[in-house]
Amino acid sequence: MPYLTSTATGTASTDLGLGFGIPGYAHPLVAPVEWAELTRPGTPLHWVVLNVGNGPGTRPDPHCLEAAGRLRNAGIRVLGSLDTGYGARPFGEQVSDAHRYLDWYQVDGFLLDRCPTERARLPEVRRTVITLRALRDGAHIVLGHGSHPYPGYAENADQLVTFSGSWSDYRWSQVAEWTADHPPERFCHFVHGVPRGHLDEALRIARWQGASTIYFTDRTDRGGRADPWETMPGYWDEIVSRIGTGVSE
């Protein structure tokens, strides 16, 4: 099968096992069960993205502040979502959003959504990452490419999202050879439309391709008309039990 590409299985320096990265649920008022479930003991969470309104919003949201506070009090890393517009969004706007996330929600880092993949865009992404790290000591930075970028991006972030898409694409996907030079803790896979009966196969693909941070859901994007990440998968309890207990960071 195409996804049976050989990869190196390095040991994560932080002993980060297979666990969840939550791309961003709907607003806590719309998805209260989802947010509450994230603090259940034993849930293997690496981080949760807070996306108030395509970013931090225009003013502090008390419901989001409460949700983020519960997660951070439980030792779970909260990331702010910054839209890069595939490199087209101005640097100043991204930094302004980052300031709001830090001032209002005390986030632990950032997911740079719609991050470009081209070599030519790398210098401006590097500039943004350096600035974010200066704003927040120890910031956890995830580049949300959604596909394999130019290898140099791996030197500028803690993690890269190298797959974000449908199960029909994921089950036949191939991993880029250069990823074998990095441990699984560096890569994330987000897959929607995964049927319950294919969970084991999806988990095998993630392990074989060397990604330790995942999010699988049976929700779909309805042909691009919906956000599949806004609600919890119908098999949440099952996938949590299959991955096993983990240490939230």
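Residues numbered from 1 in each chain as written. Predicted model: local features only at pLDDT ≥ 70, side-chain atom pairs only at ≥ 80, totals over all residues. Heavy atoms only, no water.

K.L.:
So what exactly am I meant to see when it comes to the packing of aromatic side chains here?
P.N.:
This structure, assessed with the given rule, holds 13 aromatic pairs. Where Tyr101 meets Tyr105, the ring centres are 6.4 Å apart and the plane angle is 55°; that geometry is what we call tilted. Pair noted here: Tyr101 and Tyr105 are both in helix α3 (residues 91-105), with a separation of four residues, about one helical turn. Summarising the aromatic geometry, the rings of Tyr170 and Phe216 are spaced 6.0 Å apart at their centres and angled 55° between planes, so their arrangement reads as tilted. With Tyr170 in helix α5 (residues 167-170) and Phe216 in strand β8 (residues 213-217), this residue pair connects regions lying 46 residues apart in the sequence. (Phe/Tyr/Trp six-rings, centres within 6.5 Å; stacked < 30°, edge-to-face > 60°. Helix = DSSP H or I, 4+ residues; strand = E, 2+ residues; numbered from the N terminus.)

K.L.:
When you look at unusual backbone geometry in this model, what are you seeing that I'm missing?
P.N.:
Keep in mind that most residues, glycine aside, have a negative phi and that most peptide bonds are trans. Backbone geometry places Asn54, a non-glycine residue, at a positive phi of 55°. The phi angle at Tyr86 is positive, at roughly 55°, despite the residue not being glycine. Relative to the assigned elements, Tyr86 resides in the loop between β3 (78-83) and α3. What makes Tyr86 partly exposed here is its relative accessible area of 47%. (Buried < 20%, exposed > 50% of the residue type's maximum accessible area, 1.4 Å probe, protein only.)

K.L.:
Looking at this structure, I do not really get the pattern of salt bridges. What am I missing?
P.N.:
Oppositely charged side chains can form a pair if their charged atoms are brought close together. Evaluated as defined, the whole model comprises 16 salt bridges. The partner of Arg136 in a salt bridge is Asp108, with the nearest N and O atoms 3.0 Å apart. Taken together, the residues span a long stretch of sequence, with Arg136 in the loop between α4 (122-135) and β5 (140-144) and Asp108 in the loop between α3 and β4 (109-113) at a distance of 28 residues. Here Arg136 falls in the partly exposed class, since its relative accessible area comes to 23%. Linking Arg171 and Glu201 is a salt bridge whose minimum nitrogen-to-oxygen distance equals 3.5 Å. Linking Arg171 in the loop between α5 and β7 (187-192) with Glu201 in helix α6 (residues 199-209), this pair joins segments that are 30 residues apart in sequence. Several salt bridges converge on common partners, so that one network encompasses Arg89, Glu93, Asp97 and Arg100. (Salt bridge = Lys/Arg side-chain N within 4 Å of Asp/Glu carboxyl O.)

K.L.:
Is there a simple way to explain the sheet that holds β4 in this structure?
P.N.:
Pairing between sheet strands relies on hydrogen bonds along the backbone, with the strands arranged either parallel or antiparallel. Sheet architecture is closed into a barrel: eight strands sit in the order β1-β2-β3-β4-β5-β6-β7-β8, paired in parallel fashion. On average, each strand axis in the sheet is inclined to that of its neighbour by 25°, with strand direction left out of account. Along the sheet face, α4 touches β3, β4 and β5 and points at about 155° away from the line of β5. Each of β1 (19-22) and β8 is contacted by helix α7 (residues 236-243), which is oriented at about 135° to β1, the strand it contacts most. (Pairing = 2+ DSSP bridges. Axes fitted to C-alpha atoms, helices over the stretch in contact; angles between N-to-C directions. Contact = heavy atoms within 4.5 Å.)

K.L.:
Teacher, can you tell me more about the pairing of β8 here?
P.N.:
Looking along a regular strand, one sees the side chains alternate between the two faces of the sheet. For β8, a buried count of five out of five residues is recorded, marking the element as mostly surrounded by other parts of the structure. Burial along β8 is two-sided: Thr213, Tyr215 and Thr217 facing one way and Ile214 and Phe216 facing the other are all buried. Bridge analysis of β1 against β8 gives two bridges, and the strand direction is parallel. In the sheet register, Gly19 faces β8, and the bridge partner there is Thr213. Judged from the five bridges that link them, β7 and β8 form a sheet pairing that is parallel.

K.L.:
Honestly, the packing of α3 against α4 in this entry has me stumped. Any pointers?
P.N.:
Two packed helices can be described by the angle between their axes and the distance between those axes. Relative to each other, α3 and α4 sit at 25°, their axes nearing to 11 Å. Here α3 is positioned roughly parallel relative to α4, judged by the angle of their axes. Regarding α3 and α4, the two cross each other, and that crossing is right-handed. In contact with Phe91, Gln94, Val95, Ala98, His99 and Leu102 of α3, α4 contributes Arg127, Thr128, Thr131, Leu132 and Leu135. Taken together, the residues of the contact of α3 with α4 sort by class into six nonpolar, four polar and one charged. (Parallel < 35°, antiparallel > 145°, perpendicular 65-115°, else oblique. Left-handed = near helix turned anticlockwise from the far one by under 90°. Nonpolar A, V, L, I, M, F, W, Y, C, P; charged D, E, K, R; others polar.)

K.L.:
In this structure, what is going on with the pairing of strand β6 (residues 159-166)? I would like to understand it.
P.N.:
Counting buried positions along β6 gives seven out of eight residues, so the element sits mostly inside the fold. By the bridge criterion, two bridges tie β5 to β6 in an arrangement that is parallel. The residue of β6 that forms the bridge with Val142 is Gln159. The pairing of β6 with β7 spans six bridges and is classified as parallel. Of the residues in β7, the one forming a bridge with Ser164 is Phe190.

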